[in-house]
Amino acid sequence: MSNVIKLRKGLDIRLQGQAEETKLQLKSNGHYALVPDDFEGVTPKVVVHEGDHVLAGDALFVNKACPEVKFASPVSGTVSAVVRGDRRKVLCVKVEADKEQQYAEFGKKDVAKFDGKAVIDALLEAGIFGYINQLPYAVSTTPTVQPKAIFVSALRDKPLAASFDFEVKGQEQDFVTGLQALSKIAKTYVGVGPQSTLNSQLSTLNFGNVDVNIFDGKCPAGNVGVQVNHLDPVNKGEVVWTIGDPTVVLFIGRLFNTGKVNLTRTVALCGSEVKKPCYADMLVGEELSTLVSNSYDADHHVRIINGNVLTGRPTTKDGFLGAHASEITIIPEGDDADELLGWAMPRLKQFSTSHSYFSWLCGSKKYALDARVKGGERHMIMSGEYDRVLPMDIYGEYLIKAIIAGDIDRMEQLGIYEVSPEDFALAEFVDSSKLELQRIVREGLNNLRKENE
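Note that the coordinates shown come from a computational prediction; the quantities given were computed from them, not determined experimentally.

Caption draft 1: Here's a closer look at the nonpolar core. Core analysis: the largest hydrophobic core is formed by 65 residues, its most contacted members being Leu60, Val93, Leu123, Ile128, Tyr131 and Phe175. When residues of this core are assigned to their parent elements, the largest contribution, seven residues, is made by helix α6 (residues 247-258). Beyond its immediate sequence surroundings of up to four residues, leucine 60 is in contact with Leu34, Val46, Val47, Val48, Val54, Phe71, Ser73, Val79, Val93 and Val95. Residues Tyr137, Cys219, Ile416 and Leu448 belong to the second largest nonpolar core, which totals 52 residues.

Written as structure tokens, this is what we have:
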């Protein structure tokens, strides 16, 4: 029997452009790139050179601080470029794909016969271990620290989020195998939604060391940090591994079931500017032009987001699919908007959490929001705004103030070890002070990590 955890805080932002459950068949142009910035906390050391030929599953770069953590190429082909930025920072490693794909062979494995160390070694060898994150610090984890538990969120509830139930159809055995592998390492918690078809399937399986929980509430109930906070909070000196992107479990399951690295994921092309919102199967690092070309009106000012509207990164059609991105979202940029009387005009087409517009009377109306901030940064207002959308047992506003002040002792007391930047995405959306809360939290976590090293 699954546990049901009801969350009362949160906010569902209803946007136009939800992807319909149909798949677009894409033909790749052969351009791929793996981006180290997709793996938070990793300092990359490139282990290939331009002109080298790699197989799908061969390492392109490793974590300099922990070289046994490799990052696998999604395709076989020729390394075309190692792109660097300021101070020779590695921006991406580009690969031109072969017409006929070749895979590094790691051998099929029976998870039932493996222990935790053998599972970790298999993930390290195949170059997909780095897709697992950890709390504290919300960074890509390393095998040097044994976690007290592993948390997997199979609930995507951010605005326009891709349906994992749709993605996992036909791949249920890979998902189960991936969970079984993780459970060999430590107690594994899986969070699903109340309407998820996975709930009934998982509850009938005997995992032994896997605990299935239903999270019933508004966004951000699907955040893995929120689930950790309600099931087994992280204290100072403790570590939990987290997988907020359930497709990673499919990567792990495919490795054990086929003996090959397959980084295919089902991506939602969504947003109010998309002509026909739908899904498409893509490989991690695939160039986005194959997906977004002709999907929106070229004469419109749009923002293309690698990920969802709350936590994704702005990109272009020449960008590459992020390692953890389940959506490519296209919304109006808003830089060409010309509104009479600005904010003072009563409106029905603008979303507001504070009832500033009459749109709050429209019930379940969906909105075509643009990327404007609509206001400038100002002094922090202690109004309890964060607490209304943050279903965690922490004082969000006081934690942000402690991070800004650089008060490490205060940060620790207020629960910084339990949070990640995405937990403050909704708070950033409703914040009347217009502070970049996700950036502030990331800087606070980075400073704390350096202090504790």
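After that view of the structure, there is still more to cover.
Caption draft 2: Structural context of the sheet that holds strand β7 (residues 66-72). If you walk across this open sheet you meet the three strands as β4-β6-β7, and the pairing is antiparallel. With one partner strand each, in any of the chains shown, β4 (44-46) and β7 form the two edges of the open sheet. For this sheet, the mean inter-axis angle between neighbouring strands, taken without regard to orientation, is 35°. Examined bridge by bridge, strand β6 (residues 59-63) and β7 share four bridges and lie antiparallel to one another. By the bridge assignment, phenylalanine 61 is partnered in β7 with phenylalanine 71.

Caption draft 3: Looking closely at the pairing of strand β18 (residues 302-306). For β18, a buried count of four out of five residues is recorded, marking the element as mostly surrounded by other parts of the structure. With five bridges connecting them, β18 and strand β20 (residues 327-332) associate as antiparallel partners. Bridge pairing links isoleucine 305 to threonine 329 in β20. The pairing of β18 with strand β19 (residues 313-315) spans three bridges and is antiparallel. Note that in β19 the partner of isoleucine 304 across the bridge is threonine 315. Between β18 and β19, which pair antiparallel one after the other, the connecting turn spans six residues, and glycine 307 there sits at a positive phi close to 125°.

Caption draft 4: Main features of the pattern of salt bridges. Within the structure shown, the criterion is met by 19 salt bridges. Linking lysine 148 and aspartate 232 is a salt bridge whose minimum nitrogen-to-oxygen distance equals 3.0 Å. Of this pair, lysine 148 sits in the loop between β11 (139-140) and β12 (149-153) while aspartate 232 sits in the loop between α5 (224-231) and β15 (240-243), and the two are 84 residues apart along the sequence. Residue glutamate 412 pairs with lysine 236 through a salt bridge whose shortest N-O separation is 3.4 Å. Of this pair, glutamate 412 sits in helix α10 (residues 408-413) while lysine 236 sits in the loop between α5 and β15, and the two are 176 residues apart along the sequence. Residue classification places lysine 236 among the exposed positions, given a relative accessible area of 58%. Several salt bridges share partner residues, and in doing so they unite Arg156, Glu167, Asp245 and Arg265 into one network.

Caption draft 5: A look at the packing of helix α3 (residues 172-185) against α6. For the pair α3 and α6, the least separation of the axes is 7 Å and the interaxial angle reads 90°. Accordingly, the angle class assigned to the pair α3 and α6 is roughly perpendicular. On α6, the residues that touch Gln173, Asp174, Phe175, Thr177, Gly178, Leu179, Ala181 and Leu182 of α3 are Val249, Leu250, Ile252, Gly253, Arg254, Phe256 and Asn257. Tallied by class, the residues present in the contact of α3 with α6 amount to eight nonpolar, five polar and two charged.

Caption draft 6: Looking closely at the sheet that holds strand β8 (residues 77-84). The strand order across the open sheet built from four strands is β3-β9-β8-β5, with neighbouring strands paired in antiparallel fashion. Pairing within the sheet leaves two strands with one partner each, and these edge strands are β3 (31-34) and β5 (53-54). Taken together, the two bridges between β5 and β8 define a ladder with antiparallel strand orientation. What sits directly across from valine 54, in β8, is glycine 77.

Caption draft 7: Spotlight on the packing of aromatic side chains. Scanning all chains against the criterion turns up 14 aromatic pairs. For the pair phenylalanine 39 and tyrosine 131, a centre-to-centre distance of 5.0 Å together with 85° between the ring planes defines the contact as edge-to-face. Of this pair, phenylalanine 39 sits in the loop between β3 and β4 while tyrosine 131 sits in the loop between α1 (116-126) and β10 (133-135), placing them 92 residues apart in sequence. Each ring, one from tyrosine 395 and one from tyrosine 398, has its centre 6.2 Å from the other, and the planes form 90°; the classification is edge-to-face. Of the residues examined, tyrosine 398 reaches a relative accessible area of 44% and is grouped as partly exposed. An aromatic cluster of at least three residues, connected via ring pairs, comprises Phe39, Phe61, Phe71, Tyr131 and Phe251. Between lysine 187 and the ring centre of tyrosine 189, over which it is positioned, the NZ or CZ distance is 5.8 Å. The side chain of lysine 365 reaches across the aromatic face of tyrosine 367, ending 5.8 Å from its centre.

Caption draft 8: Seen up close, α5. The buried fraction of α5 amounts to six of the eight residues, a majority that puts the element mostly inside the structure. Within the span of α5, buried status applies to Val224, Gly225, Val226, Gln227, Val228 and Asn229. Where α5 is buried, its residues touch β10, β12, β13 (188-192), β14 (210-216) and β15.

Caption draft 9: Here's a closer look at the packing of α1 against α3. Between α1 and α3, the shortest axis-to-axis distance is 7 Å and the interhelical angle comes to 120°. In this view, α1 runs oblique relative to α3, as classed from their interaxial angle. As for the relative orientation of α1 and α3, their crossing is left-handed in sense. Between α1 and α3, the residues in contact are Gly116, Val119 and Ile120 and Ala181, Lys184 and Ile185, respectively. Tallied by class, residues from the contact of α1 with α3 come to four nonpolar, one polar and one charged.

Caption draft 10: Here's a closer look at unusual backbone geometry. In this structure, the amide linkage connecting leucine 135 to the following residue, proline 136, adopts the cis form with an omega of 10°. Note that proline 136 resides in the loop between β10 and β11. Cysteine 219 connects to proline 220 through a cis peptide bond whose omega is 15°. Within the secondary structure, proline 220 sits in the loop between β14 and α5. The phi torsion at tyrosine 137 lies on the positive side, around 85°, for a residue other than glycine.

Definitions and limits used
Residues numbered from 1 in each chain as written. Predicted model: local features only at pLDDT ≥ 70, side-chain atom pairs only at ≥ 80, totals over all residues. Heavy atoms only, no water. Core = buried A, V, L, I, M, F, W, Y, C linked by side-chain atoms within 4.5 Å. Buried < 20%, exposed > 50% of the residue type's maximum accessible area, 1.4 Å probe, protein only. Helix = DSSP H or I, 4+ residues; strand = E, 2+ residues; numbered from the N terminus. Contact = heavy atoms within 4.5 Å. Pairing = 2+ DSSP bridges. Axes fitted to C-alpha atoms, helices over the stretch in contact; angles between N-to-C directions. Salt bridge = Lys/Arg side-chain N within 4 Å of Asp/Glu carboxyl O. Parallel < 35°, antiparallel > 145°, perpendicular 65-115°, else oblique. Nonpolar A, V, L, I, M, F, W, Y, C, P; charged D, E, K, R; others polar. Phe/Tyr/Trp six-rings, centres within 6.5 Å; stacked < 30°, edge-to-face > 60°. Lys NZ or Arg CZ within 6 Å of the ring centre and 35° of its normal. Left-handed = near helix turned anticlockwise from the far one by under 90°.

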